[in-house]
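# Overview (structure and organization)
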Protein chains: 2
Amino acid sequence: MSQESRGTAETYEAFLDHVRQYNYVGDASGVLGWDQQVMMPEGGTPARSKQTSALSTLRHQLLTDDDLADWLDDLDGAVIGEKGAVVREVRRQHDRARSVPEDLVRRISETASNALPVWEQAKADADFSQFEGTLEELVALRREYAAEIDPDRDPYEVLFEDYEPYLDFETAESILTELREELPSLVDAIAESDVELASPFNGTYDEDDQEALVREALDVLGYDWDRGRLDTAPHPFSTGTQFDARVTTRFSPDDPMGALGSTIHEFGHASYTLGLPEDHYGTPLGSSRDMTVHESQSRLWENHVGRSKAFWKLFAPRVTDHLGVSASPQAFYERANQVYDDNLIRVEADELTYHMHIVLRFEIERDLIRGDLDVDEVPGVWNDRMEEYLGVRPANDAEGCLQDIHWTHASFGYFPTYSLGSMLAAQLYAAAERDLDDVAADVENGELDRLYGWLNENVHEYGCRYTTPELVQRATGEDLTAEYFLDYATAKYGRLYDC
Amino acid sequence: MSQESRGTAETYEAFLDHVRQYNYVGDASGVLGWDQQVMMPEGGTPARSKQTSALSTLRHQLLTDDDLADWLDDLDGAVIGEKGAVVREVRRQHDRARSVPEDLVRRISETASNALPVWEQAKADADFSQFEGTLEELVALRREYAAEIDPDRDPYEVLFEDYEPYLDFETAESILTELREELPSLVDAIAESDVELASPFNGTYDEDDQEALVREALDVLGYDWDRGRLDTAPHPFSTGTQFDARVTTRFSPDDPMGALGSTIHEFGHASYTLGLPEDHYGTPLGSSRDMTVHESQSRLWENHVGRSKAFWKLFAPRVTDHLGVSASPQAFYERANQVYDDNLIRVEADELTYHMHIVLRFEIERDLIRGDLDVDEVPGVWNDRMEEYLGVRPANDAEGCLQDIHWTHASFGYFPTYSLGSMLAAQLYAAAERDLDDVAADVENGELDRLYGWLNENVHEYGCRYTTPELVQRATGEDLTAEYFLDYATAKYGRLYDC
């Protein structure tokens, strides 16, 4: 080893130590966030805001640190391979953070934290006006944030890059456009179909029984309870690390399929997190890729496994055991794939109309951030477009524009990744089927190791070693495309609805 | 306002902002600690250790910061009153932290965090040898820590000051000596008494029913559920802020009195935390005084309220409702005050023999830290002294030296404050009775506002405005003394056991 490279190795170690501290603090914030949504009594909000904000400020300081800037300058181009990937990822975050003043970071964090109970109350009262001022603040803060990063670019595109930095916005927009153009004809054909799918859930089901059922689903899927837990939250989510990745769900008395779907969805997220390499914990190589890839994992398990005929051959008897509902696997399969063109709620949507919900949110938040739409217009525009895209109009704001938590978190630019993730899920599942042959037989036998192994080898274990486009290419041999999803959807729903 | 004092005011604001950040990060750590003990799956330990350690390092950096050193130098003597108290408290912490290297802080935090599952397993297996190496590390680290602060002083005294900085160690030791000299004759007299106290719990009681009972106790005491929650933990504790102070308890099928006592104890801690001024959150004026004062609050509610005849007049019917145990208030009162001179477990001890448990731990940890006792001798010494002080010998390490969590937390010097807190509880309760007259009547009527108000006005609302000795003087007109406790105990148990 030459003198110079020994120096580089030492610099890299110091740099990596610093990066780890930064990520550990981020994961600590994650625990505080989980607690706030799942455990914290309401009165705790003012203190929690301060705590979260303090951690956010410290992270910002660690990320914008002068030493880190020097190390990055020294390491740029001096290291390759895995180390090069680590430098690339930290460089991107560092440069972005350096452009945003610390005080703005703090204000965003505090405002978002205080926004949570306001949104919850507004939603409970189905009254957008209670939340309007808060949303205005959040939009203004995010516009300010985007302008700090680059005042000359489309602020929405800048925000989108926080969630999906390597996939260009044009690709994202074109995929959403393709969905908007292609899906309605399929949805219309379904609406016109004479086929009536089975609907085996007709009663109300005890929450304890539903919980036992979703716990059994997690058992079947191989969720590692020593490294996770299940709780309820108003808006289900998953969070954690490769050592402790938790899922949440919610129960509705008459819709056990909703709790099951959302649990399997969050399991998919957690399975990615738990699949990250342990020895790289705290570094980009031990961190998950961005939102599209994360969502591909949740959607793959939710839709391609949990909504498959094979899964229901396996799981139907468990539903009978826990809920006392006797029905054939085919009946449950049909119920799991029922298309509701009149559904108002995104997280309860089927896998086709779901994307129209995303297009709607994408358009509204893009226009809000671009300044083309005022906050007080949101409920009206929301309701009009629901009617236009899905033929149904929300009766109130709780089932309209207050249904999602994302804006409350000051997250704008996140929604498109849901649809992009579904596209990637279909593309990955098709690739896994090519490589493994008859994945459905595995699912039917409850033997999910091969599929999980394939995902682990092709996605999880890389952490951020590759950019999202690189990862997609390596795993599937192609760029991200909507084709696999559209083929899958057309074939599946064509068979189901005979259309 | 003169030019100079305006400068001081600005310095003070910058200083206070910094102090708040420090305390917010500490409270974030508190949430992580709560989660680790109450919610976290076991696999999460490695990551949690890293997160906790990162926060600990950042706190250390904030506390030892050069700017803070300058601000403290500028403010020392330049501000008085409340501000002077804030400077005094931060100065003490700052000076202490400056003497301890960051790396040592990090090693202590990581070792303690990793120690938790080791201790839990060792306790489950009743096998001290599994924990021995870990305890050796913890003792060595704390000795190193004490030596960094002052290599010329008794290291145990140095550690004691972390928990009780203003009460001198000589006072503490003399109070413990007084207890050791005075209590045995009372305990012996009770052992020789012919009186047999009532023992109304003879069955096993469902955990759900016990939980409903302790929740009702918290209701009766006025616990604010909007700013707290109750969970179970292997070693009950309380943690939080004035906005969110949580309690934990544990249930044993045949001992509902145990869960009730521990719940009321933790309620006492939480009531202090919740009574701290909200607008001083994050500063010493909004922080609780040290361990003796904290423990005085838990003991006051546990013993002087929860073990009083008046409380049982109020609460007996609730026990009947929840557990189906019909007995008179007098019978429950007697059961709550049963003295067990053969009890091995500190947290299940009655309020008399409890202090012999503390004396035992005090002596062992003092000798460990002073290097007068080797870690491998702990089980033997523990068992011998249990026999000497209480006439009973643990059958295994789980009911012996593995029973407490404190050493696992690297906490040495903490135990004495338990007894000191009990002394202060008796002293404060006597002062409240002098001021309020007939507190017992309030308790019997479930009207605890006057007592809570007195404690709030005389203790809680000051935060760290006064040192512990000052606070004790202001609230009671005297220095801390064991006399009130000994008088109370002699009178109460004399009546109960006719001795």
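Computed from a predicted structure; not experimentally measured.

## Digging into the relation of the copies chain A and chain B
Relative to chain B, chain A is turned by 180° and slid 0.0 Å along the rotation axis, the superposed coordinates differing by an RMSD of 0.0 Å. The superposition of one copy onto the other is thereby described by a two-fold rotation axis. A share of 100% of interface residues in chain A that are also interface residues in chain B marks the association as one of identical surfaces.

## Some words on the pairing of strand β2 (residues 238-241) of chain A
Residues in a regular strand point their side chains to alternate faces of the sheet. Residue and element names in this part refer to chain A. With burial as the criterion, each face of β2 is covered, one bearing S238 and G240 and the other bearing T239 and T241. Both β2 and strand β3 (residues 244-249) contribute to a ladder of four bridges, which runs antiparallel. Looking across to β3, one finds that G240 is bridged to A245. Taking the residues between adjacent antiparallel strands as the criterion, β2 and β3 are bridged by two residues.

## Regarding the sheet that holds strand β1 (residues 230-232) of chain A
All names here are of chain A. With respect to topology, three strands assemble into an open sheet ordered β1-β3-β2, the strand pairing being mixed. Each edge of the sheet is formed by a strand with only one pairing partner; in this case those strands are β1 and β2. Between one strand and the next, the sheet's axes are offset by a mean angle of 25°, whatever the strand orientation. In the packing of helix α10 (residues 256-275) onto the sheet, contacts are made with β2 and β3, and the angle to β3 comes to roughly 165°.

## What about the pairing of β3(A)?
Residue and element names in this part refer to chain A. Burial runs high along β3: six of the six residues are buried. Residue alternation in β3 divides its side chains into two sets, D244, R246 and T248 and A245, V247 and T249, and both sets are buried. Here three bridges tie β1 to β3, and the two strands are oriented parallel to one another. Looking across to β3, one finds that D231 is bridged to T248.

## Focus on the packing of helix α9 (residues 207-221) of chain B against helix α10 (residues 256-275) of chain B
All names here are of chain B. Their axes nearest at 10 Å, the elements α9 and α10 cross at an angle of 35°. At the point where α9 passes α10, the crossing takes the right-handed sense. On α10, the residues touching Q210, L213, V214, A217, L218 and L221 of α9 are P256, A259, L260, T263, I264 and F267. For the contact of α9 with α10, a count of residues per class yields 10 nonpolar, two polar and no charged.

## Digging into the domain arrangement of chain A
All names here are of chain A. When cut into domains, chain A gives domain 1 (3-163) and domain 2 (169-497). Placing the centre of domain 1 and that of domain 2 at their C-alpha centroids yields a distance of 26 Å. Domain 1 puts 45 residues into the contact, and the matching count from domain 2 is 41 residues. Among the secondary structure elements, those contributing two or more residues to the side of domain 1 that touches domain 2 are α1 (3-38), α4 (81-98), α5 (102-124), α6 (129-149) and α7 (155-163). Grouping the amino acids of the side of domain 1 that touches domain 2 by side-chain chemistry returns 26 nonpolar, five polar and 14 charged.

## Observations concerning the confidence of the model for chain A
Averaged over chain A, the pLDDT score is 95; the fraction of residues at 70 or greater is 99%. Listed scores for the predicted complex are pTM 0.91 and ipTM 0.91.

## Details of the packing of α10(A) against helix α11 (residues 291-305) of chain A
All names here are of chain A. Their axes nearest at 7 Å, the elements α10 and α11 cross at an angle of 135°. The pairing of α10 with α11 is recorded here as oblique in orientation. For the pair α10 and α11, the sense of crossing is right-handed. Between α10, through G261, I264, H265, E266, F267, G268, H269, S271 and Y272, and α11, the contact on the second element is made entirely by H294, Q297, S298, R299, L300, W301 and E302. Along the lines of polarity and charge, the residues of the contact of α10 with α11 split into five nonpolar, eight polar and three charged.

## Regarding the sheet that holds strand β1 (residues 230-232) of chain B
Residue and element names in this part refer to chain B. Strand order in the open sheet formed by three strands is β1-β3-β2, and the pairing between neighbours is mixed. Each of the sheet's edge strands pairs with one partner strand only, and the pair in question is β1 and β2 (238-241). Here the strands of the sheet are splayed against their neighbours by 25° on average, with no regard to which way each runs. Packing of α10 onto the sheet brings it into contact with β2 and β3 (244-249), and relative to β3 it is tilted by some 165°.

## So, the interface of chain A and chain B
At the interface, 32 residues of chain A touch 32 residues of chain B. Of the residues assigned to the side of chain A that touches chain B, the class counts are 16 nonpolar, eight polar and eight charged.

Procedures and definitions
- Residues numbered from 1 in each chain as written.
- Chains lettered and ligands numbered in written order.
- Predicted model: local features only at pLDDT ≥ 70, side-chain atom pairs only at ≥ 80, totals over all residues.
- Least-squares fit on C-alpha atoms with pLDDT ≥ 70 in both.
- Contact = placed C-beta atoms within 7 Å.
- Buried ≥ 20, exposed ≤ 12 C-beta atoms within 10 Å, placed from the backbone.
- Helix = DSSP H or I, 4+ residues; strand = E, 2+ residues; numbered from the N terminus.
- Pairing = 2+ DSSP bridges.
- Axes fitted to C-alpha atoms, helices over the stretch in contact; angles between N-to-C directions.
- Left-handed = near helix turned anticlockwise from the far one by under 90°.
- Nonpolar A, V, L, I, M, F, W, Y, C, P; charged D, E, K, R; others polar.
- Domains from an automatic or database assignment.
- pLDDT = per-residue confidence, 0-100.
- Parallel < 35°, antiparallel > 145°, perpendicular 65-115°, else oblique.

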